[in-house]
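Understanding the architecture of this molecule
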Amino acid sequence: MSKHSVDTFLEQVRTGELKNKTQKVYVALSGKAINLQDLRRLTGIAHQTLTSALSRLMDMGLVKQNDLGCFAHAEPKERSFLRMQREQQRYLRWLKVGRDNKWIRGDGHANHPKPKKVVLSQQMSILDVL
């Protein structure tokens, strides 16, 4: 998420322009750390929708999770670090899945055959190949 996207989201929350479940979760976290079950009871949002909203807020760097599993607003000075950390975690999970499924070799290169070269005769056009 870009800093501009985060700033836009925060402005929409501040003005009340944004009225969705992600906003409801963000507002419910105002001023306190709260665990997932209590947040579910407080907001009335289904588990899957709630975890999706929390994930989106964490991707933006607006929400953090402590060691006890409670969620809270992140401080403005933490946001860019938290965004970068989430992006790195997502990349490392993607890389692990690729290696586990043998899509990516240990050296980090894709594990697929090289594409065959297409040689066009002088009488053929690229449209003949397509």
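Everything discussed here concerns the structure shown above.
Side chains of nonpolar character tend, in soluble globular proteins, to be buried together. Counting residues in hydrophobic clusters, the biggest one holds 20 residues, and the most contacted among them are Val-25, Leu-29, Leu-39, Leu-54, Leu-57, Leu-62 and Val-63. Secondary structure elements with two or more residues in this core: helix H1 (3-15), helix H2 (21-28), helix H3 (36-43) and helix H4 (47-59). The greatest single-element share of this core, amounting to five residues, is contributed by H4. Here Leu-57 is in contact with Phe-9, Thr-22, Val-25, Tyr-26, Leu-62 and Val-63, once residues within four sequence places are set aside.

What follows deals with the packing of H3 against H4. Contact geometry of H3 with H4 gives a least axis separation of 11 Å together with a crossing angle of 110°. As far as their axial angle goes, H4 and H3 are roughly perpendicular. Residue-level inspection shows Leu-36, Leu-39, Arg-40 and Thr-43 of H3 in contact with H4, the latter providing His-47, Leu-50, Thr-51 and Leu-54. The residue makeup of the contact of H3 with H4, split by class, is four nonpolar, three polar and one charged.

Here the focus is a nonpolar patch on the surface. Together, Tyr-91, Leu-92 and Trp-94 give the surface a local cluster of nonpolar side chains, amounting to about 360 Å² of exposed area. By secondary structure assignment, the location of Leu-92 is in helix H5 (residues 79-100).

Next up on the list: the pattern of salt bridges. Note on pairing: side chains with opposite charge can pair once their charged atoms come close. The final tally for this structure, using the stated rule, is five salt bridges. When the shortest N-O distance is used, the salt bridge between Asp-38 and Arg-41 registers 2.3 Å. One end of the pair is Asp-38 and the other is Arg-41, both in helix H3 and three residues apart, which spans about a single turn. Arg-41 sits in the exposed class, given a relative accessible area of 62%. Note that Asp-59 and Arg-86 form a salt bridge whose closest N and O atoms lie 3.0 Å from each other. One end of the pair, Asp-59, is in helix H4; the other, Arg-86, is in helix H5, and 27 residues separate them in sequence.

Our next topic: the packing of H1 against H2. Viewed as axis vectors pointing N to C, H1 and H2 meet at an angle of 75°, and their least axial separation amounts to 11 Å. Classified by the interaxial angle, the pair formed by H1 and H2 is roughly perpendicular. Where H1 approaches H2, its residues Phe-9, Leu-10 and Val-13 are matched on the opposing element by Thr-22, Gln-23, Tyr-26 and Val-27. Its residues assigned to classes, the contact of H1 with H2 shows five nonpolar, two polar and no charged.

Cut-offs and rules
Residues numbered from 1 in each chain as written. Predicted model: local features only at pLDDT ≥ 70, side-chain atom pairs only at ≥ 80, totals over all residues. Heavy atoms only, no water. Core = buried A, V, L, I, M, F, W, Y, C linked by side-chain atoms within 4.5 Å. Buried < 20%, exposed > 50% of the residue type's maximum accessible area, 1.4 Å probe, protein only. Helix = DSSP H or I, 4+ residues; strand = E, 2+ residues; numbered from the N terminus. Contact = heavy atoms within 4.5 Å. Axes fitted to C-alpha atoms, helices over the stretch in contact; angles between N-to-C directions. Parallel < 35°, antiparallel > 145°, perpendicular 65-115°, else oblique. Nonpolar A, V, L, I, M, F, W, Y, C, P; charged D, E, K, R; others polar. Patch = residues over 30% accessible without salt bridge, like charges linked within 9 Å, V, L, I, M, F, W, Y side chains within 5 Å. Areas by Shrake-Rupley, 256 points an atom, 1.4 Å probe, with all protein chains shown as cover. Salt bridge = Lys/Arg side-chain N within 4 Å of Asp/Glu carboxyl O.

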